[in-house]
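Commentary on secondary and tertiary structure
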Amino acid sequence: MNDIQKLHRVIDSLEEQSAQVADFNGLLSAVNDARTEIEATKSTIANLATEQGKLVTKNSNKFEEFEGRLTSLNDLLVQIKDDQLKLRCEVSALKFVTPEQFEQGRASIDNNIAKQFAELNSKLEVAAESQKRSISGLRTIVILVILLLAGGIGFLAMNMVF
């Protein structure tokens, strides 16, 4: 073999290695691109996980709030049921009257009111008559006092003149 053939072989070998290096560089570039994408994806997944955690916490708080409200509503419903039962018992204990009984009761009440008005009216008439007599007696006393004063003044006037 001569030098030219050896040189061709070395060149072929170098070209082959150069092709392999180019393939390896392409593969290495693809691996680096994939690694970059994986890192970006990892960051995105971490952000999504954080957001998901916040949403889960928020939803958990909302569920606890709803649980409290449901408990409150349940307590109110129990209270309403108890109140309804009490009202039913009270209604069933009420004594209902017939229209005739109602009319009899109303008539009795009207009679009692009329009697009380009559008694009050008679008491007022007695009081008015008593006041009239008192006023008449006072008039008589006032007239007598005026006559006595006039007589006394007249007597004094006569004593002064004489």
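In this report, the structure presented in the accompanying data block is examined. (Residues numbered from 1 in each chain as written. Predicted model: local features only at pLDDT ≥ 70, side-chain atom pairs only at ≥ 80, totals over all residues. Heavy atoms only, no water.)

Topic: the overall build of the protein chain
Within the protein chain, the secondary structure is distributed over two helices and zero strands. Taken against the 2.2 N^0.38 rule, which gives 15 Å for 162 residues, the C-alpha radius of gyration of the protein chain at 61 Å runs more than 25% over that of a compact globule. In terms of overall dimensions, the protein chain has C-alpha extents of about 200 × 70 × 20 Å along its principal axes. Per-residue burial over the protein chain gives 0% buried out of 162 residues. Accessible surface, the protein chain as shown: approximately 15000 Å² in total, 64% of it carbon and sulfur. Side chains of the protein chain carry 18 positive and 22 negative charges; the gap between the two charge centres is 17 Å. (Helix = DSSP H or I, 4+ residues; strand = E, 2+ residues; numbered from the N terminus. Rg over C-alpha atoms; globule rule 2.2 N^0.38 Å. Buried < 20%, exposed > 50% of the residue type's maximum accessible area, 1.4 Å probe, protein only. Areas by Shrake-Rupley, 256 points an atom, 1.4 Å probe, with all protein chains shown as cover. Lys, Arg positive; Asp, Glu negative; His and termini not counted. Charge placed at Lys NZ, Arg CZ, Asp CG, Glu CD.)

Considerations on the pattern of salt bridges
Note that side chains of opposite charge can pair when their charged atoms are close. Counted according to the given criterion, the structure contains five salt bridges. Between lysine 42 and glutamate 39 there is a salt bridge whose closest N-O contact spans 3.6 Å. In this pair, lysine 42 and glutamate 39 are both assigned in helix α1 (residues 3-93), three residues apart and thus about one turn of the helix distant. Of the residues examined, glutamate 39 reaches a relative accessible area of 42% and is grouped as partly exposed. A salt bridge links arginine 69 to glutamate 65; its shortest N-O distance comes to 2.8 Å. Of this pair, arginine 69 and glutamate 65 both sit in helix α1, four residues apart, roughly one helical turn. In this structure arginine 69 comes out as partly exposed when scored by relative accessible area, which is 47%. Here glutamate 65 falls in the partly exposed class, since its relative accessible area comes to 34%. Residues joined by salt bridges that share partners form a network here, namely Glu103, Arg106 and Asp110. (Salt bridge = Lys/Arg side-chain N within 4 Å of Asp/Glu carboxyl O.)

Some words on a nonpolar patch on the surface
The grouping of Ile109, Ile113, Phe117, Leu120 and Leu124 at the surface amounts to a nonpolar patch, some 510 Å² of accessible area in total. Mapping leucine 124 onto the fold places it in helix α2 (residues 99-161). On the basis of relative accessibility, which here comes to 54%, the residue leucine 124 falls in the exposed class. (Patch = residues over 30% accessible without salt bridge, like charges linked within 9 Å, V, L, I, M, F, W, Y side chains within 5 Å.)

What about α1?
With 91 residues, α1 should cover 135 Å at 1.5 Å per step; its first-to-last C-alpha distance of 129 Å lies within 8% of that length. Structurally, the start of α1 carries an N-cap: the backbone nitrogen of isoleucine 4 is 3.2 Å from a side-chain oxygen of asparagine 2. (Expected span 1.5 Å × (residues − 1). Polar contact = N/O pair within 3.5 Å; in protein donor to acceptor, adjacent residues only side chain to side chain.)

What about the environment of glutamate 129?
Here glutamate 129 lies in helix α2. On the basis of relative accessible area, glutamate 129 is assigned to the partly exposed category, the value being 40%.

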